[in-house]
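Structure assessment
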Amino acid sequence: MHRQKKIIVLAAMVAICCLTSLNLRAQTRISSPYSRYGIGSLNQSTNARTLGMGSVSQAISSNLDINYNNPASYTYFDNQSFVFNGGIRSRQTELETSTQTGTASYTSLGYLQFGAPLTRWMGLSFGLIPFSNVGYDISQEYLLQDIGKVLYEYQGTGGINQFYIGTGVSITPKLSVGINATYFFGGLDFMRSSLFPDSATYLDTRITDHQSPGDIGLNYGVLYRTNIGKSNYLKLGATFSNKTNIKTHRDYLVESIKKSSEEVITIVDTVAFDEGVTGDIVLPARIGAGFVYGKKGIWELAGDFTWENWAEYEAFEQKDSLQNSFTAALGYEVSPQSTTVSPYWKKVKYRLGARYHKSYLELRGTQLNQYGISFGLGLPIPKSASTIDLGVEFGQLGTTDNNLIKENYIKMSLGLSIFERWFIKRKYD
């Protein structure tokens, strides 16, 4: 009966993952004017634990956490265990220009991940993680001679998700390698309108662009660990993703419309309609490296560097104003020494980190920078190896110079890490 119960729980988790993937196709998970460019705002693919540590990930490995960014870490699952990581994310943003301010917020699924050992030297993981998010609503008004007021409106929703399955293999007791096969799917909806409310001569125009990617990409990882002294250790990690052409279907519609003062839209004529056009979204090569230095069960210091070649990005053979980007991050985690009779706060893991990101956005001659500091807690669940994790990042993206927008944000992630020993042979029935 106990074994049957665990099988039912596993089946339910897989069903949740599949159903959530369907819901993610139409979900708007962000509100940012900068998500208008490229494929939107990129997800960091980190969990609540690593968010509190500056989003480090290149050399992170644990029997309690699943690190998608480096599949070589899957070899660290306990031989008779099953791990589930799930979490939600929330972001509160203040949008600031040189003359105005506004606010935006959203909450969405952060990640669903499963991990287990296959043998003593091989681990498996699969899960669902958002890859990019699009969500914006922008309007610009101009006054033109002989025409009057002209209003340009831009809206975007959707995003790209990734369902992955990967494995890690121990080459030696110190060296592991791994690979993820990721299926990219979702929907990107872009709409822009040109409105002439003061003119009886010019017709309003609306362009709707729907893109539905669906293709597979690969990413690779390597992880090396060695002991230093009696209780300290050093981990070195590296990852690589090659340039990938993601097959995408596109519906492109151009219409003449008339928008009334009551916001009622009347379609006057269809100017152009291309349905089911097949093309590629080119995702760039990515390389990263990092380290973890720590003392077993007490503390860890981690650092990362990641570079992405976004200058080679294309969508349906069209370039965008994207540049190569890089990220540098540093994180620290400490857990006071404790025993089974220690106060609860001595069993808690405390985390902090910092992150600098030169984004792929270059607008009006300015490549946008992002800065963040983060904090986190790992709260153990009594009588269990499972934990509840909380990560918070305070950050800033962009600038008010050159008539750009600065985003001051608070990003939060709440996660659950379930650790169960499922594969122990029972001596008695």
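Refer to the structure above for everything that follows.
A separate point is the overall build of the protein chain. Counting its secondary structure elements, the protein chain contains two helices and 18 strands. At 24 Å, the protein chain has a C-alpha radius of gyration in line with the 22 Å of a compact globule built from 429 residues. In terms of overall dimensions, the protein chain has a C-alpha envelope of 85 × 45 × 35 Å along the principal axes. When burial is assessed residue by residue, the protein chain has 48% of its 429 residues classed as buried. Taking the contacts inside the protein chain whose residues are at least 6 apart along the sequence as the reference set, 66% of them involve residues at least 24 apart. When the accessible surface of the protein chain is split by element, carbon and sulfur atoms take 58% of a total near 21100 Å². Each charge sign in the protein chain was given a centre, from 40 positive and 36 negative side chains, and these centres are 19 Å apart.

This part is about unusual backbone geometry. Where the residue is not glycine, phi is negative for most of them; where a peptide bond is considered, it is trans in most cases. At Phe316, a residue that is not glycine, the phi angle is positive and equals roughly 55 degrees. You can see Phe316 is positioned in the loop between strand E13 (314-315) and strand E14 (325-334). Backbone geometry at Lys383 places phi at a positive 60 degrees, although glycine is not the residue there. Note on placement: Lys383 falls in the loop between strand E16 (366-380) and strand E17 (387-398).

Overall, the coordinates contain 18 aromatic pairs when judged by the stated rule. On the basis of an interplanar angle of 65 degrees and a centroid distance of 5.8 Å, the ring pair of Tyr142 and Tyr152 is categorised as edge-to-face. On the criterion of sequence distance, the pair formed by Tyr142 in strand E4 (residues 122-144) and Tyr152 in strand E5 (residues 148-170) is long-range, its members being 10 residues apart. A relative accessible area of 42% means that Tyr142 is categorised as partly exposed. Given a relative accessible area of 25%, Tyr152 falls into the partly exposed group. Taken together, the ring pairs connect Phe82, Phe84, Phe114 and Phe126 into an aromatic cluster. Across from the ring centre of Tyr154, 4.0 Å away, lies the NZ or CZ of Arg36, which sits over that ring. If you follow Arg225 out to its NZ or CZ, it ends over the ring of Tyr233, 4.3 Å from the centre.

The tally for this structure, following the rule as stated, stands at 15 salt bridges. Arg49 is the partner of Asp65 in a salt bridge, and the nearest nitrogen-oxygen pair spans 3.4 Å. Of the two residues, Asp65 is situated in the loop between helix H2 (48-51) and strand E2 (82-96) and Arg49 in helix H2; the sequence distance between them amounts to 16 residues. Across the pair, Arg49 and Asp65 agree in class, each one buried.

Next up on the list: the pairing of strand E6 (residues 175-195). Remember that side chains alternate between the two faces of the sheet whenever the strand is regular. Here E5 runs beside E6; their pairing, made up of 20 bridges, is antiparallel. Residue pairing across strands places Gly166 opposite Asn180, the latter belonging to E6. Where E6 meets strand E7 (residues 204-228), 18 bridges bridge the pair, whose relative direction is antiparallel. Residue Phe185 lies in a different strand from E7, and its bridge partner there is Gly214.

As paired strands, strand E11 (residues 286-295) and strand E12 (residues 299-308) are joined by 10 bridges and run antiparallel to one another. Within E12, the residue paired with Ile287 across the bridge is Trp307. Counted between consecutive antiparallel strands, the loop separating E11 from E12 contains three residues, among which Gly297 sits at a positive phi close to 75 degrees.

Thresholds applied
- Residues numbered from 1 in each chain as written.
- Predicted model: local features only at pLDDT ≥ 70, side-chain atom pairs only at ≥ 80, totals over all residues.
- Heavy atoms only, no water.
- Helix = DSSP H or I, 4+ residues; strand = E, 2+ residues; numbered from the N terminus.
- Rg over C-alpha atoms; globule rule 2.2 N^0.38 Å.
- Buried < 20%, exposed > 50% of the residue type's maximum accessible area, 1.4 Å probe, protein only.
- Contact = heavy atoms within 4.5 Å.
- Areas by Shrake-Rupley, 256 points an atom, 1.4 Å probe, with all protein chains shown as cover.
- Lys, Arg positive; Asp, Glu negative; His and termini not counted.
- Charge placed at Lys NZ, Arg CZ, Asp CG, Glu CD.
- Phe/Tyr/Trp six-rings, centres within 6.5 Å; stacked < 30°, edge-to-face > 60°.
- Lys NZ or Arg CZ within 6 Å of the ring centre and 35° of its normal.
- Salt bridge = Lys/Arg side-chain N within 4 Å of Asp/Glu carboxyl O.
- Pairing = 2+ DSSP bridges.

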